[in-house]
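# Fold and contact review
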Amino acid sequence: MPTVTLTVNGRSVTADVDARTLLVQMLRENLHLTGTHVGCDTSQCGACVVHVDGKAVKSCTTFAVQCQGTEVVTIEGLAQDGKLHPMQEAFREHHGLQCGFCTPGMIMAAVDIVNRKGAVDEATIREELEGNICRCTGYHNIVKAVEAGAQAMTGKAPARQAAE
Amino acid sequence: MTVTALGAAVRRKEDHRFITGKGQYTDDINRPGQAHAYFLRSPHAHATLKKIDIAKAKAMPGVVAIYTGDDVAADKVGGLICGWMIHSKDGTPMRAGPHPILAQGKVRYVGDHVAVVIADTLSQAKDAAEAILVDYGVLPANADTAKAQSGPEVHVEAPNNTVYDWHIGDKAATEAAFKAAKHVTTLEIVNNRLVPNAMEPRAAVGEYDSGNDALTLYTTSQNPHVARLVLSAFIGIAPEHKLRVVAPDVGGGFGSKIFIYAEETVCVWAARKCGRPVKWTADRTEEFLCVAHGRDHVTRAELATDAEGKITGLRVKTIANMGAYLSTFASSVPTYLYATLLSGQYAIPAIYAEVDAVYTNTSPVDAYRGAGRPEATFVVERLVEAAAREIGMDPAAFRRRNFITKFPHQTPVIMMYDCGDYKASLVKAMEMADVKGFGKRRREAAKRGKLRGLGYSTYIEACGIAPSQAVGSLGAGVGLWESAEVRVNPVGTVEVLTGSHSHGQGHETTFAQLVSSRLGISIDNVSIVHGDTDKVQFGMGTYGSRSGAVGMSAISKALDKIEAKAKKVASHVLEAAEADIDFKDGKFTVKGTDKSVDFGTVALNAYIAHKFNPQELEPGLKEGSFYDPTNFTFPAGCHICEIEVDQETGVATIAKWTAVDDFGNVINPMIVEGQVHGGIAQGVGQALLEGAIYNKDGQLVTASFMDYAMPRAHDLPSFDVGMTVTPCPSNPLGIKGCGEAGAIAAPAAVINALTDALGTEEVPMPATPQALWTVIQKQSRAAIAAE
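The model shown is predicted, which means the values in this text are computed figures rather than measured ones. (Residues numbered from 1 in each chain as written. Chains lettered and ligands numbered in written order. Predicted model: local features only at pLDDT ≥ 70, side-chain atom pairs only at ≥ 80, totals over all residues.)

Residues and elements named next belong to chain B. With their axes 11 Å apart at the nearest point, helix α14 (residues 507-519) and helix α15 (residues 547-573) run at an angle of 35° to one another. The two elements α14 and α15 meet at a crossing, and its hand is right-handed. Across the interface between the two elements, His507, Phe511, Leu514, Val515 and Arg518 of α14 pack against Ser547, Met552, Ile555, Ser556 and Leu559 of α15. Here the contact of α14 with α15 is built from residues that sort into six nonpolar, three polar and one charged. (Axes fitted to C-alpha atoms, helices over the stretch in contact; angles between N-to-C directions. Helix = DSSP H or I, 4+ residues; strand = E, 2+ residues; numbered from the N terminus. Left-handed = near helix turned anticlockwise from the far one by under 90°. Contact = placed C-beta atoms within 7 Å. Nonpolar A, V, L, I, M, F, W, Y, C, P; charged D, E, K, R; others polar.)

Structural data, given as C-alpha cells:
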C-alpha cells in the first residue's frame, strides 16, 4: 500500500492508502475532513473542488498518490485565524447557499476564479461556474456572492474577463 | 439585544457551518465497526430471477454477508407501501403489486435490487457483487407511457398495467359546455419525465444496539418520523420506541427524500441481521436509476370558450406513469395534487378530468417539486395561451377576462380558494417586464436573426398540505398536521422542537425569527431542533410548501400557550392580577403602571417557583401544539418569460424573467426569493434541458450528469422577482408557502414564450436546440410548400 505525504490546510499528513484511493476519499475517510463532498461520479458537479498547489481541482478525479508533496487547501482551511475568507462572507451575505451541499466546492471554485481572473462580472462568473452544479439556488445569488467576493478580494469593480 | 421582526431579510443562522465545511450530512457519519453495503442491481428492465448464486461471492475477501429476496421473505420483512388509496371510476381500489425491498422472483426496472453485499470496505463489496451469478429470464420491457396499457404485463395484480382509472368533475356538464362552445382549443401534451437530482445523493447508516435491542437509522430524509412510522408499522423493522430515525443536514430533496426506499430499509434491517453498522451512499448513477422520478404525463387537453372569450369548460385525459412499483405517495400526485388544480386562476363552470395511472418497467415516479401542480399548470396555461391566440385575443386580456375575482371561490374540482388577487400580480408583472416595449424588442431581435417571444404563466397551487380530515376523505393514509414544542430555559433562551425538517429552506432562521418577534428575545437565543425522532416526538416533515403555513403555525400556537403561562407567572412576580398583565416587546407590564419585568426574569421565576403556589400553577415553561390546518393555502402569481431563439442553431436564450408571486405574509424575503429562484431554475430545466429518457428496452440512457442536462449557471439569467400580498385567512400567520411556485410556474411561461416566438403550438419539452431547430425546419419547409 503506497504511503502519501502531503500538506493539508497547513498541516503535514501521511497516510497509507490503496493505490486507487481518490484524493476526496483520503480527505473524507482518512483525514475526516468531510466538508469536501461527492455529488457525482463523472467529474461534472464540482462539489469536491479543493485547491492543490493553489489551483482548483476536482478531488473526485484525482488520485491521492498524485498529490504526493503537494499543498492542499480544503473548505475547512479557507478561513484564517478564525476569520472567514471574503468569499465565505460573501456567500452568507448574499444568500448564495440553501442546502449547503454544493457550497464548499462552489466557494473553492469561486476563489480560484478570482485568483485567475480578478474582479469578474456576471457573464464571466456564469461561464466560469460551468463545472459546478447547484440544484437549490438557480445560481442567482451564487453569482451575486461571487461578484461581491471578487470585489472584496481584489478591491476592484466587476469587469468582463475573457473566457478560457 | 436585537429582536428580529417578521419580514426582515435576516442572514441565515445555519450558514456558518455550511460555508466552513462543518455541515453534517448522512455520508459524513461513520459508526464504529461499520461495514459497507453495495446493491447488485438488475441490468434488465424486465426479467424473471431464475437463479441467484452467491456462493463464490460470499467467499470473497472482506465479505460480511450477502442477502437476497429469499432472506427478506424468510425474515418476513414487509414490502414498501403506497400510503394514499385511490379508487377507480367503478369504485374498486387501486391495483398495486407487491414492492419487496429485495426483488423476489422478478425484476421490474433497470436498477431494481437483486442482492445486497455487505463487506468491510465498499471496494470489497463491489468486487464481491461482480462475483454473484444471476440467471435472468429476460422479458420484453414496457417503457412507453402512452402505450403502457397495451404493453407487457408488469404486475399480475394490475390488468392492462392500469393501477387505477380515476376521474373527477362533472362529465355531463362538461360535455354540454363543449357542445355549446363557440371555440374549442385542443392540445396534445407530454409532460417530460424528470430526475430530482438533489446534490446530496441518498445515503443511510443502520446501526443495532444489542444491549438495548434498539435500532438507529441515519438517513437523508425530509420526514424522519414518517420514515419511522412506515418502517415500524408496515415494514415491521422494529416497534417505534425501539427505532430512532435521524436525518441530519439534508442536501436538498425536492420531494425525492420524502419516500421510504429499499436501500435505507435494507441498511437498518441488515444492521441487526449481520451485527455491524451498515452504511450505503448512492453514487450518482444509482441515484438516477433508483430515486423516485417526477412528472411523466401524456395528456390530451381541451378548452371550450364562448363568443365573448369566456371559458366555459375544460376537459382532460391523462396517462400518468407510475414506474415499476408504487412509491410512497405516488398515487396522489396525478390525482388530488393534479386534477384539483385544473381550474387555475379562472372561473371555469365545468371541468372533467380522467387519469389512468400505469405501471411500466421504469423507476418509480412520485412527488417532485410541485408534484402534480406543475403538470396541471402546464395544461391550463398552455391551453389558455393557445386559446387566446386562436380566438385573436391578447393572452393577458384573455386571462383577465376569465380570472376569479371573488373569494372564497369553489372550483368544480374540490378546491375552495380562500383569497387572492390575480389581476394585481399580472398587472405588476407586466409593468416589471415592460410588456409594452416588447414589440420594439422583438423587431430589434429580428434584425439580429433571432425570433423573440413572450410567454405568461399565471399559475395557482395548493400548498400548506393539509387538513387531515379532508385528505383522509380523499384516501390519505396519514394526517397532515404539524407539531411544535417550545422549551423556554430558566435563563430565557428558547429551544423549538419541530416536526418540520429543513433540507435547505433555512428553518433555523425563519422559525427563530418567529420566536424572536413573539417573545422579544434575540434570534441568537433561539435554537431549532429537528430531524431526530428521539428529540422531536412526532412530525409530518417538509414537503408541499407546508413548513411555513403548517409548521410555523404549530410553533405560533405553542407560543400562544407560552405567553399565556408566562403571564400567569409574571402576575405573581409583579404582584398584580393576571388580567392586568400586558406582554409586548419582551416585557410584561402591569396595565397603566410602569411596573414591568422582562421575559428572562419571568422564565427564571417559572423554574425557581418561589413566587407562586406550585399546587395551583405548575413550575416550568414548556408548551406544545399539534396544528391541523383548516384549508389548503393557494399561492398564485404571474411569471413572464421573454426568450430569443437562434434560427440557425435552435438555441434558446432567456432574455428576461419576471416573477410576481403572492405568498401571503412573508417571514424572510431573502429566503423566499431564494426559493423562487431555485424553483424557476428547475422549471426552466424542465422546459429547456432536462428529460429522463428510457429506450424501448427500458434502459435509462440519461443516467449521469454527462447525459442528463442539469441547468448550469450559464443556462439561466438573473431573475426579476416581485411580490403582491393577500394574507392567507386560513392560518394564524397569513402564510401561503413559497417552495414550489417557481417550478410550477416556469415551464408554461417558457413554452408559451417559445410558441409565441416560433408561431406554432407544437413545441415539445425539453425544448432543446435540436428540438427547436427541427420545429424551425418543419415550418420553413411548410412555408416553401405553401408558396
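Here we take up α15(B). Residues and elements named next belong to chain B. Taking 1.5 Å per residue as the helical rise, α15 with its 27 residues ought to reach 39 Å, and the 36 Å between its terminal C-alpha atoms agrees with that figure. Across the 27 residues that make up α15, a large majority, 19, are buried. Two residues or fewer past α15, Glu575 is found with a positive phi of approximately 50°. (Expected span 1.5 Å × (residues − 1). Buried ≥ 20, exposed ≤ 12 C-beta atoms within 10 Å, placed from the backbone.)

Residue and element names in this part refer to chain B. Taken in spatial order, the five strands line up as β7-β15-β14-β13-β8 in an open sheet, and their pairing is mixed. Looking at which strands have only one partner, the edges of the open sheet turn out to be β7 (162-169) and β8 (183-191). Across the sheet, the axes of successive neighbouring strands diverge by a mean angle of 10°, strand direction being ignored. Taken together, the nine bridges between β8 and strand β13 (residues 297-305) define a ladder with antiparallel strand orientation. Each residue of the ladder has a partner; that of Val184, found in β13, is Ala304. Helix-sheet contacts for helix α9 (residues 373-390) involve β8, β13 and β14 (311-323), and the interaxial angle to β8 is about 140°. (Pairing = 2+ DSSP bridges.)

The subject of this paragraph is the confidence of the model for chain B. Low-confidence regions, as indicated by low pLDDT, have predicted coordinates that should not be scrutinised in detail. Of the residues in chain B, 100% have a pLDDT of 70 or more, and the chain-wide mean is 97. Scored as a whole, the predicted complex attains pTM 0.97, and scored at its interfaces, ipTM 0.98. (pLDDT = per-residue confidence, 0-100.)

The next thing to look at is the domain arrangement of chain A. All names here are of chain A. Each assigned domain of chain A is listed here: domain 1 (3-77) and domain 2 (86-154). Between domain 1 and domain 2, the contact holds 15 residues from the first and 11 residues from the second. Elements with a contribution of two residues or more to the side of domain 1 that touches domain 2: β3 (49-52) and β4 (55-58). Per-element accounting of the side of domain 1 that touches domain 2 gives the leading share, three residues, to β3. Looking at the side of domain 1 that touches domain 2 residue by residue, the classes come out as seven nonpolar, seven polar and one charged. (Domains from an automatic or database assignment.)

Looking now at the sheet that holds strand β4 (residues 106-107) of chain B. Residue and element names in this part refer to chain B. In spatial order, the strands read β4-β2-β6; together these three strands make up an open sheet with antiparallel pairing. Each end of this open sheet is capped by a strand with a single partner; those strands are β4 and β6 (133-138). Note that strand β2 (residues 47-53) and β4 share two bridges and pair antiparallel. Across the sheet, residue Ala47 finds its bridge partner in β4, namely Val107.

Once that is clear, we can look at the nonpolar core. Residues and elements named next belong to chain B. Core analysis: the largest hydrophobic core is formed by 307 residues, its most contacted members being Ala37, Ala115, Val117, Cys267, Leu342, Val750 and Leu754. Examining the composition of this core, we find that 13 residues originate from one element, helix α18 (residues 741-758), more than from any other. Apart from the residues within four sequence positions on either side, Cys267 is in contact with Ala37, Ala204, Val205, Gly206, Leu217, Val278 and Trp280. (Core = buried A, V, L, I, M, F, W, Y, C linked by C-beta atoms within 7 Å.)

Turning to the pairing of strand β27 (residues 652-662) of chain B, a few remarks are in order. Residues and elements named next belong to chain B. Counting buried positions along β27 yields nine of 11 residues, so the element is predominantly enclosed. With four bridges joining them, β27 and strand β28 (residues 720-723) adopt parallel strand pairing. Bridging from a neighbouring strand, Asp661 pairs with Met723 of β28. For the segment spanning β27, helix α17 (residues 669-689) and β28, crossover handedness is right-handed. (Right-handed = clockwise from strand over helix to strand, strands pointing away.)

This paragraph deals with the domain arrangement of chain B. Note: interface size is frequently given as the accessible area lost on complex formation between the parts. All names here are of chain B. When cut into domains, chain B gives domain 1 (15-20 + 481-627), domain 2 (31-139 + 200-251 + 257-290) and domain 3 (297-465 + 631-786). Broken down by element, the side of domain 1 that touches domain 3 gets its largest block of residues, seven residues, from α15. Partitioning the side of domain 1 that touches domain 3 into residue classes produces five nonpolar, 10 polar and two charged.

Turning next to unusual backbone geometry. All names here are of chain B. Cis geometry marks the peptide bond from Ile465 to Ala466; its omega dihedral reads -5°. Locating Ala466 in the fold gives a position in the loop between β18 (450-460) and α13 (468-473). A cis amide bond links Met765 to the next residue, Pro766, at an omega of -5°. Here Pro766 is to be found in the loop between α18 and α19 (769-786). You will see that Asn197, though not glycine, has its phi angle at about 55°, which is positive. A positive phi angle, close to 80°, is found at Ile414, a residue other than glycine.

Before going further, it helps to spend a moment on the interface of chain B and chain A. Taken together, the contacts link 39 residues of chain B with 42 residues of chain A. Counting residues per element, the ones that place at least two in the side of chain B that touches chain A are α1 (15-19), α8 (284-290) and α17 of chain B. No other element matches α17(B), which puts six residues into the side of chain B that touches chain A. Tallied by class, the residues present in the side of chain B that touches chain A amount to 15 nonpolar, 15 polar and nine charged.

Before going further, it helps to spend a moment on the environment of B:Lys423. All names here are of chain B. Structurally, Lys423 is set in helix α11 (residues 422-432). Taking the C-alpha atoms as reference points, Lys423 and Ala743, 320 residues apart in sequence, are found 21 Å from one another. With residues near it in sequence (within four places) discarded, Lys423 still touches Arg400 and Phe403.

All names here are of chain A. Note that β3 and β4 share four bridges and pair antiparallel. Bridge pairing links His51 to Ala56 in β4. From the end of β3 to the start of β4, which pair antiparallel, there are two residues, and Asp53 there has a positive phi angle of about 50°.

Moving on: helix α2 (residues 86-93) of chain A. Residues separated by three or four positions in an α-helix point in the same direction, a consequence of the helix having 3.6 residues per turn. Residue and element names in this part refer to chain A. Looking only at α2, the buried set comprises Met87, Gln88, Ala90 and Phe91. In a view along the axis of α2, the buried residues occupy a sector of 160°, so they form one face of it. Phi turns positive one or two residues past the end of α2, at His95, with a value near 55°. (Arc of directions from axis to C-beta.)

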